[in-house]
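# Working through the structure, step by step
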Amino acid sequence: MAEKILMKGNEAIAISAIRNGVDGYFGYPITPQSEVMETLMKEKPWETTGMVVLQAESELSSINMVYGGASCGKKVMTSSSSPGISLMCEGISYIAGAELPCVIVDVMRGGPGLGTIQPSQSDYSQAVKGGGHGDYHCIVIAPASAQDMYDFVDWGFELAFKYRNPVIILADGIIGQLMEKVELHPMKPRRTEEEVLRDAPWATLGKPAGRERNVITSLSLDANTQENFNRKLKAKYDDIRENEVKFSEYLTEDAEYLFVAFGCSSRICEAAVDILREEGIKAGLIRPITLFPFPEKEISRLAGQVKSIMSIELNLGQMVEDVRLAANGQCPVGFYGRQGGNIYTPEEIVEEFRKFNNLK
Amino acid sequence: MKEEIIIAGFGGQGVLSMGKILAYSAIMQDLEVTWMPSYGPEMRGGTANVCVIISDRKISSPIITKYDTAIILNQQSLDKFEDKVKPGGLLVYDPSGITRAPARKDITVCSIDAIEVAAEAGNPKVYNMAVLGAYLQMKSIVKMENVVKGLEKSIPARYADMIQKNREAIEKGKEKVKIISSVL
């Protein structure tokens with residue numbers, strides 16, 4: 001049986017990086033995700049797997065170190081929280097433009113600005129819609145437990161390399177800070193140089209005789225070249241939309257009312273569904289696990305089945321826009337959120353549900 | 001089985017580590033747990049609290065409003081959490097940090113003079129384990145053998161001598177807990 005360890009979501013990210021053969025982590029401390037680097041520094045993986053762990057002088061440096069490492073076909077990652085991610089957005093756009101794989105962990109806190117250090121989900125739009133400039137998408141995956149934090153690092157790199165695209169693990173202060181049981185999977189060694197060359201033939205690792213040099217760039221001054229490149233990206237994103245959507249459902253089969261929630265909110269909503277079910281109200285929940293690609297087909301299907309949908313988010317209403325697009329007028333779509341680090345309770349969600357649906 | 005616990009006191013009293021040891025003990029008993037701290041700008045001398053949920057089923061919300069048990073180590077925490085204990089629930093408190101005794105009549109209230117236990121042991125660090133012992137005496141949701149395993153998992157190997165000291169403090173806490181009023 002696999003070993004079960006009590007750990008924080010943030011610690012799980014660090015331990016998973018070491019155990020899944022990550023080559024390099026570059027970061028800069030910020031609450032509520034500082035335990036990621038603290039754990040890496042405590043574990044000293046450079047002495048065991050050879051993984052590089054480096055505290056850069058700023059978020060700008062860390063993301064550009066990721067850019068450099070990824071250019072060499074290495075499995076590299078960074079982590080930060082909302083204001084730090086804002087600083088990284090230029091780099092993320094360049095990485096998306098250069099079609100490089102990497103994993104970026106965003107343990108969200110409340111904003112805008114420096115905001116608060118308390119949990120929030122107010123960077124859904126930043127992560128899913130862009131953040132940086134240009135027509136690009138990151139693949140965005142949203143963990144809801146410490147086990148997810150552990151598992152999503154490996155899954156994130158798998159997606160990143162499959163599509164040569166940055167992947168954002170969009171967590172929040174609750175998932176980062178809570179401790180839960182985490183089951184450790186067998187260790188994966190870091191890739192050898194030969195394996196890197198095999199998996200990343202595009203990497204800039206020195207030009208052997210007999211092939212053209214590899215070029216990593218996000219710059220193309222010719223309009224047609226850039227347009228063709230953007231169309232190629234579009235085809236890739238369509239491919240991702242077609243093949244990588246992941247979600248989980250809770251009591252949706254006979255549901256008359258639907259909640260949509262991701263990350264920590266999905267767990268609080270699950271408890272709200274239980275309260276409503278006990279009262280005989282047929283509520284259900286869909287949790288998007290991938291935020292880009294968004295489970296629009298499944299939400300569209302459920303919108304045809306239920307009387308109403310509520311999107312529950314720790315923000316002013318961001319994912320609800322995508323829920324409305326998916327529902328496309330088939331049923332009313334409502335929203336309830338808290339901000340600034342305040343967190344709704346299951347009972348509070350039930351109360352708001354009653355108000356929205358005019359139920360006693 | 002589901003037990004929802006709030007542990008609250010001053011930063012530095014060992015609130016978070018008490019919760020961690022309890023949570024680890026539950027894992028050793030093959031139960032599900034979540035441990036969710038308040039992680040605001042708290043520091044030594046400020047307030048600190050952690051919510052621990054132990055269940056034999058998968059745990060959904062880590063955020064809750066009512067608790068089966070409140071373990072209270074200072075007055076601010078008593079003011080904040082006394083009302084949030086479910087009727088029929090349990091409140092364990094250390095009277096040395098309290099200026100106003102708990103008033104609830106619909107819950108079981110007990111006290112533990114954990115400072116005395118720590119003073120007798122000559123080690124202030126075991127204070128929180130005396131409190132944990134008091135709680136485990138009232139609700140034996142985890143077996144002592146699993147608590148010891150939880151201690152072994154939580155305490156770094158270089159402090160191995162602390163395992164025995166903590167264990168003794170837990171036993172003392174179990175002995176010294178005083179039931180003030182009971183609805184059990």
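Residues numbered from 1 in each chain as written. Chains lettered and ligands numbered in written order. Predicted model: local features only at pLDDT ≥ 70, side-chain atom pairs only at ≥ 80, totals over all residues.

## What about the nonpolar core?
Among soluble globular proteins, nonpolar side chains are generally buried collectively. By size, the foremost hydrophobic cluster in this structure holds 168 residues, and its most contacted members are A:Val140, A:Phe259, B:Val52, B:Ala130 and B:Val131. With ten residues, helix H1 (residues 15-28) of chain B is the single largest residue contributor to this core. Structurally, this core is a two-domain feature, drawing no fewer than three residues from each of domain 1 (3-198) and domain 2 (248-357) of chain A. (Core = buried A, V, L, I, M, F, W, Y, C linked by C-beta atoms within 7 Å. Buried ≥ 20, exposed ≤ 12 C-beta atoms within 10 Å, placed from the backbone. Helix = DSSP H or I, 4+ residues; strand = E, 2+ residues; numbered from the N terminus. Domains from an automatic or database assignment.)

## Some words on unusual backbone geometry
Following A:Thr31, the chain continues to A:Pro32 via a peptide bond in cis, the omega torsion being 5°. As for its position among the elements, A:Pro32 is in the loop between strand E2 (24-27) and helix H2 (34-43). The amide bond that connects A:Phe292 to the next residue, A:Pro293, takes the cis arrangement and shows omega of 5°. With respect to the element layout, A:Pro293 can be found in the loop between strand E12 (290-292) and helix H11 (296-303). The phi dihedral of A:Lys44 falls on the positive side, at around 50°, and the residue is not glycine. On the secondary structure map, A:Lys44 appears in the loop between H2 and strand E3 (52-55). Positive phi values are uncommon outside glycine, yet B:Asp30 reaches one of about 65°. Relative to the elements of secondary structure, B:Asp30 occurs in the loop between H1 and strand E2 (32-37).

## Remarks on the confidence of the model for chain B
Mean pLDDT for chain B: 93, with 97% of residues reaching 70 or above. Here the prediction assigns the complex a pTM of 0.96, and the interface score ipTM is 0.92. (pLDDT = per-residue confidence, 0-100.)

## Section: the interface of chain A and chain B
Contacts between the two partners involve 19 residues from chain A, matched on the other side by 18 residues from chain B. Mapped by element, the contributors of at least two residues to the side of chain A that touches chain B are strand E1 (4-8), helix H7 (173-177), strand E8 (179-183), helix H10 (264-278) and helix H13 (346-357) of chain A. Among the elements that make up the side of chain A that touches chain B, the one with the highest residue count is H10(A) (five residues). Per-class residue counts for the side of chain A that touches chain B are nine nonpolar, three polar and seven charged. Of the pairings in the sheet, the one linking E8(A) to E2(B) comprises two bridges and is antiparallel in character. Directly across from A:Glu180, in E2(B), lies its bridge partner B:Thr34. (Contact = placed C-beta atoms within 7 Å. Nonpolar A, V, L, I, M, F, W, Y, C, P; charged D, E, K, R; others polar. Pairing = 2+ DSSP bridges.)

## What to know about the sheet that holds strand E9 (residues 247-250) of chain A
Residue and element names in this part refer to chain A. Pairing is mixed in the open sheet, where five strands are placed in the order E9-E11-E10-E13-E14. In this open sheet, the two edge strands, each paired with only one partner strand, are E9 and strand E14 (333-337). On average, adjacent strands in this sheet sit at an angle of 20° to one another, irrespective of strand direction. Alignment of strand E10 (residues 257-260) against strand E11 (residues 283-288), held across four bridges, turns out to be parallel. Among the inter-strand pairings, valine 260 is bridged to a residue of E11, identified as isoleucine 286. Along the sheet face, H11 touches E9, E10, E11 and strand E13 (308-313) and points at about 165° away from the line of E11. Along the sheet, H13 contacts E10, E13 and E14; its crossing angle with E13, the most-contacted strand, is approximately 145°. (Axes fitted to C-alpha atoms, helices over the stretch in contact; angles between N-to-C directions.)

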